[in-house]
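Inside the fold
What follows is the residue order along each chain.
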Amino acid sequence: MRVFLRRVRRRQRSVHGPTSYRSAAYHPLRPWQVRERRFRPTPLGRRGFDPREVTEFLDRVAGDLAIVYDALAQSRRETERIKDALRRWQSEQARARNERSYDR
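None of these values were measured; they are calculated from a predicted model. (Residues numbered from 1 in each chain as written. Predicted model: local features only at pLDDT ≥ 70, side-chain atom pairs only at ≥ 80, totals over all residues. Heavy atoms only, no water.)

Thoughts on the overall build of the protein
From N to C terminus, the protein includes 3 helices and 0 strands. Helices (α) and strands (β) of the protein occur, in sequence order from the N terminus, as α-α-α. Residues counted as buried form 6% of the 104 residues belonging to the protein. If you sum the accessible surface of the protein, you get close to 10200 Å²; carbon and sulfur atoms cover 53% of it. (Helix = DSSP H or I, 4+ residues; strand = E, 2+ residues; numbered from the N terminus. Buried < 20%, exposed > 50% of the residue type's maximum accessible area, 1.4 Å probe, protein only. Areas by Shrake-Rupley, 256 points an atom, 1.4 Å probe, with all protein chains shown as cover.)

Listed below in structure tokens is the structure:
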């Protein structure tokens, strides 16, 4: 039973890859989530953040997140392109090797 539970826990931890220690419930923020986030106004007579400054900051963070997500998507597309080219090259090499072995 203990072995089974260890395996289940390992699978849950590796949801985001082998080096990530985030829980399965963790979901990264998206730019739209940052832009739509609103804070409650402070009660009268209490100190708080200036809503305009908070909104400006959230917009800036959302913009930065959008840039990062775009770069990540571009990187993934490039990785897929390189992997496809490598697979094609490996297939061509295997075909050529097989043809040479048949010719002998």
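The structure having been displayed, the exposition proceeds.
Concerning the pattern of salt bridges
According to the stated counting rule, one finds 3 salt bridges in the structure shown. The residue arginine 52 makes a salt bridge to glutamate 56 at a minimum N-O spacing of 3.1 Å. In this pair, arginine 52 and glutamate 56 are both assigned in helix α3 (residues 51–103), 4 residues apart and thus about one turn of the helix distant. For the salt bridge of glutamate 78 with arginine 81, the shortest nitrogen-to-oxygen distance reads 2.6 Å. Of this pair, glutamate 78 and arginine 81 are both found in helix α3, 3 residues apart, which corresponds to roughly one turn of the helix. In this structure glutamate 78 comes out as partly exposed when scored by relative accessible area, which is 36%. (Salt bridge = Lys/Arg side-chain N within 4 Å of Asp/Glu carboxyl O.)

Considering the confidence of the model for the protein
The share of residues in the protein with pLDDT of 70 or more is 78%, and the mean pLDDT across the chain is 80. Here helix α1 (residues 2–13) is the element of the protein with the lowest mean pLDDT, 59, and α3 is the one with the highest, 91. Across residues 13–19, where pLDDT falls below 50, the model places 6 contacts with residues more than four positions away in sequence or in other chains. (pLDDT = per-residue confidence, 0-100. Contact = heavy atoms within 4.5 Å.)

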